[in-house]
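Summary of the model geometry
Chain by chain, the residues:
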Amino acid sequence: MNWDDTRIFLAVQRERTLRRAARTLELDQATVGRRLAALERALGATLFLRTSDGYALTPAGEAVLRSALKMEQSAHELLRQAQGVDTRLEGEVRVTTTDSLALEFLIPAIGRLHAAHPDVKILLNTSTNMLNLARREADIAVRTMKPANPDLVARRLARWPVGLYAAPAYLARHGEPVPGTAFAGHDLVVYQPLVAGNRAPTLAGEPIHAGRIVAAMYSSLMLRSTIKAGIAIGEVPAYLAEREGLVRVWPERTRAMHYEVWLVTHQDLRHTARVRAMIDEIVHAFESREDEA
């Protein structure tokens, strides 16, 4: 079983359909299906059951999975160590972050990097999926939480208080909410991941059960845009809210947890020239914006 076969097997196991596995591998679906069938013939074993919920591992597939994961780990380690001594300022750097941070910080960083090193190409992913740096799904991540993996190197770029904000147009129509009324008579926009598991969600420490939730967003950029449009009140990191011209409601109140931004890379890649150059530009983007504040 070679590494190419292992990649096919692992993609199908993780994505559970040939179509999604093919998209991950950047192959066509027919090729993935053909190579998986060839792998099963070569091993003389059925690795997957085709169910209504997608491809599910058989006992033989479970046994193969353990070896496949070890092979993947070794392949990624080999590649990271080789790239770790790469001194060329050319090639691809894969970066993952949120859409909000990309617009404010990453795109300016990419512009400066391109001006200095035009042969470095940035592949920027702003999906809500948390990409795995250990599996080389990305080289650099700019995240809102510190990773626990000891093989990853993390640097905090920012720590901002989170407050309650509204657009001037909203306040002109509705006025400010009254503390202690649980937002009675007011329209709210919330960040869905924060409230999904919270039985008694709050904004700036105030219960929201008497307010009207207009929208629940999975994107902080969309949440901020909704507030800026005058549709509803919501929580926003203070730095980003002030740049949008939003008005702070209840300035004395903040969310218990600050909004933190972390730059993360794998320890084997941090000295790769093109990765190091992108890291330096990202750090500069945050430091220069903080100096302006």
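Described in the following lines is the structure provided in the data block. (Residues numbered from 1 in each chain as written. Predicted model: local features only at pLDDT ≥ 70, side-chain atom pairs only at ≥ 80, totals over all residues. Heavy atoms only, no water.)

Description of the environment of L164
Here L164 lies in strand β7 (residues 162–166). Take L164: its relative accessible area is 0%, and that puts it in the buried class. Separated by 147 residues in the primary sequence, L164 and T17 place their C-alpha atoms 43 Å from one another. Excluding anything up to four places from it in sequence, L164 contacts F183, L203, A204, I233, G234, E235, V247, R248, V249 and W250. (Helix = DSSP H or I, 4+ residues; strand = E, 2+ residues; numbered from the N terminus. Buried < 20%, exposed > 50% of the residue type's maximum accessible area, 1.4 Å probe, protein only. Contact = heavy atoms within 4.5 Å.)

Here we look at the side chain of S219
In this fold, S219 is placed in the loop between β11 (212–217) and α8 (220–228). Judged by its relative accessible area of 12%, S219 falls in the buried class. Polar contacts involving the side chain of S219 include one to the side chain of D99, which spans 2.6 Å. In this view, S219 contacts D99 and Y191; residues no more than four positions away in its chain are not counted. (Polar contact = N/O pair within 3.5 Å; in protein donor to acceptor, adjacent residues only side chain to side chain.)

Examining the packing of aromatic side chains
Tallied over the full model, the rule gives eight aromatic pairs. Both rings, one in W160 and one in Y259, keep their centres 5.8 Å apart while their planes meet at 5°; by these two values the pair is stacked. Separated by 99 residues along the polypeptide, W160 in strand β6 (residues 152–160) and Y259 in strand β14 (residues 259–266) bring together distant segments of the chain. Here a set of aromatic residues connected by ring pairs shows up, and it is made of F105, W160, Y239, Y259 and F286. Here R253 stacks its cationic end above the ring of W250, 4.6 Å away from the centre of that ring. (Phe/Tyr/Trp six-rings, centres within 6.5 Å; stacked < 30°, edge-to-face > 60°. Lys NZ or Arg CZ within 6 Å of the ring centre and 35° of its normal.)

Shape descriptors only; they carry no functional weight alone.
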